[in-house]
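Letter by letter, the chains look like this.
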Amino acid sequence: MCATNNSCDTAIDISELDVIAAMKDIQGYIDISPGDFREVFQVAYNHALQRIKDSLKAQDIMTKPAHCVELHMDLIQAATFLADKRFSGAPVIDSGGKIVGVLSEKDFLAKMGLGQPTSFMQIVAHCLNNRGCMATSLRNHSVQEIMTAPAITAGPEMTMGAISALFVDKRINRLPIVDSEGRPVGIVTRTDLVQSYCLTR
């Protein structure tokens, strides 16, 4: 039996064990009427989703390799790199290849004196109403000056459920995955999380 996830339009396989677990969760006698079946189905679906969240790990869902910017790279180079890759942010590595921070759009906006949230049209309006371009203030500055540090990272064994909770708790959009020495082996983004929920088991 499969349940369709509305945000994914793909199926999650609900196993017999999920159904049995669901039936145990429902108190009292179960008369299999349409209403009761819907209840069993919903609880079984939640069990299936939790099973997937607990079984999938960072190493299963991460994007690899992780594209990083360097600590001493100037902001023109960093902005060009992110724009070319169509990334909204990336991990920052030092000369030894270890992650020391994260550079994102919000770091650029903060350096430009803009608060959050800021839309593209707010930036355009500000530029049109004020002399000069706000982005010129970013010249002659390096990644190290504006990045967010220390970086929040995780190991390859972290479960998808724990990653989801971390994204909510820390209000982050990307999580660099590192080896035991702090070097990047991949990255999990919100897109990776959404796609992982859409995997058919």
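What comes next concerns the included structure. Computed from a prediction, not measured in an experiment: that's the story for all the values here.

Calculation rules
- Residues numbered from 1 in each chain as written.
- Predicted model: local features only at pLDDT ≥ 70, side-chain atom pairs only at ≥ 80, totals over all residues.
- Heavy atoms only, no water.
- Helix = DSSP H or I, 4+ residues; strand = E, 2+ residues; numbered from the N terminus.
- Buried < 20%, exposed > 50% of the residue type's maximum accessible area, 1.4 Å probe, protein only.
- Contact = heavy atoms within 4.5 Å.
- Areas by Shrake-Rupley, 256 points an atom, 1.4 Å probe, with all protein chains shown as cover.
- Pairing = 2+ DSSP bridges.
- Axes fitted to C-alpha atoms, helices over the stretch in contact; angles between N-to-C directions.
- Parallel < 35°, antiparallel > 145°, perpendicular 65-115°, else oblique.
- Left-handed = near helix turned anticlockwise from the far one by under 90°.
- Nonpolar A, V, L, I, M, F, W, Y, C, P; charged D, E, K, R; others polar.
- Arc of directions from axis to C-beta.
- Salt bridge = Lys/Arg side-chain N within 4 Å of Asp/Glu carboxyl O.

## Things to note about the overall build of the chain
For step 1, the next point in the chain: Secondary structure assignment for the chain yields 9 helices and 7 strands.
For step 2, the next point in the chain: Counting the 201 residues in the chain, one finds 36% classified as buried.
For step 3, the next point in the chain: In the chain, 60% of the contacts between residues at least 6 apart in sequence involve partners at least 24 apart.
For step 4, the next point in the chain: A total accessible area of about 12000 Å² is found for the chain, and carbon and sulfur atoms account for 53% of it.

## Remarks on the sheet that holds strand β4 (residues 89-93)
For step 1, the next point in the chain: Spatial strand order, β3-β4-β5: 3 strands in an open sheet with mixed pairing. Since the sheet does not close on itself, it has two edges, and those belong to β3 (69-70) and β5 (99-104), each with one partner.
For step 2, the next point in the chain: The pairing of β4 with β5 spans 5 bridges and is antiparallel. By the bridge assignment, P91 is partnered in β5 with V102.

## Thoughts on the packing of helix α8 (residues 160-170) against helix α9 (residues 190-197)
For step 1, the next point in the chain: Put simply, α8 and α9 touch, their axes get as near as 11 Å, and they point 140° apart. Relative to α9, α8 is oriented oblique. Once α8 is placed against α9, the crossing between them reads as left-handed. Between α8, through M160, I163, S164 and F167, and α9, the contact on the second element is made entirely by R190, L193, S196 and Y197.
For step 2, the next point in the chain: Of the residues in the contact of α8 with α9, the class split is 5 nonpolar, 2 polar and 1 charged.

## What about α9?
For step 1, the next point in the chain: For α9, every residue scored as buried is listed here: D192, L193, S196 and Y197. For α9, the arc enclosing every buried residue in end-on projection is 135°, short of the 170-degree limit, so these residues lie on one face.

## So, the environment of A78
For step 1, the next point in the chain: Relative to the elements of secondary structure, A78 occurs in helix α4 (residues 75-85).
For step 2, the next point in the chain: Look at A78 and you get buried, because its relative accessible area is 0%.
For step 3, the next point in the chain: In this structure the C-alpha to C-alpha distance between A78 and S142, which are 64 residues apart in sequence, comes to 8.5 Å.
For step 4, the next point in the chain: Among residues more than four places away in sequence, those in contact with A78 are M73, L103, F108 and V143.

## Things to note about the environment of A22
For step 1, the next point in the chain: Mapping A22 onto the fold places it in helix α1 (residues 16-25).
For step 2, the next point in the chain: Overall, the relative accessible area of 0% leaves A22 in the buried class.
For step 3, the next point in the chain: Along the sequence, A22 and H47 sit 25 residues apart, while their C-alpha atoms lie 7.0 Å from each other.
For step 4, the next point in the chain: In this structure A22 touches V40, V43, A44 and H47, once residues within four positions along its chain are discounted.

## Regarding the pairing of strand β7 (residues 184-189)
For step 1, the next point in the chain: As judged from the 5 bridges shared by strand β6 (residues 174-178) and β7, these two strands associate in the antiparallel manner. Bridged to I177 within β7 is G186.
For step 2, the next point in the chain: In sequence, β6 turns back onto β7 through a hairpin of 5 residues, with G182 there showing a positive phi of about 85°.

## Quick word on the pattern of salt bridges
For step 1, the next point in the chain: Scanning the entire structure with this criterion turns up 2 salt bridges.
For step 2, the next point in the chain: Put simply, E157 and K57 hold a salt bridge, and the shortest N to O gap is 2.8 Å. Separated by 100 residues along the polypeptide, E157 in the loop between α7 (143-146) and α8 and K57 in the loop between α2 (34-55) and α3 (58-61) bring together distant segments of the chain.
For step 3, the next point in the chain: E181 is the partner of R183 in a salt bridge, and the nearest nitrogen-oxygen pair spans 2.3 Å.
For step 4, the next point in the chain: Under the relative-accessibility criterion, R183 is labelled partly exposed at 28%.
For step 5, the next point in the chain: Its relative accessible area of 48% is what places E181 among the partly exposed residues.

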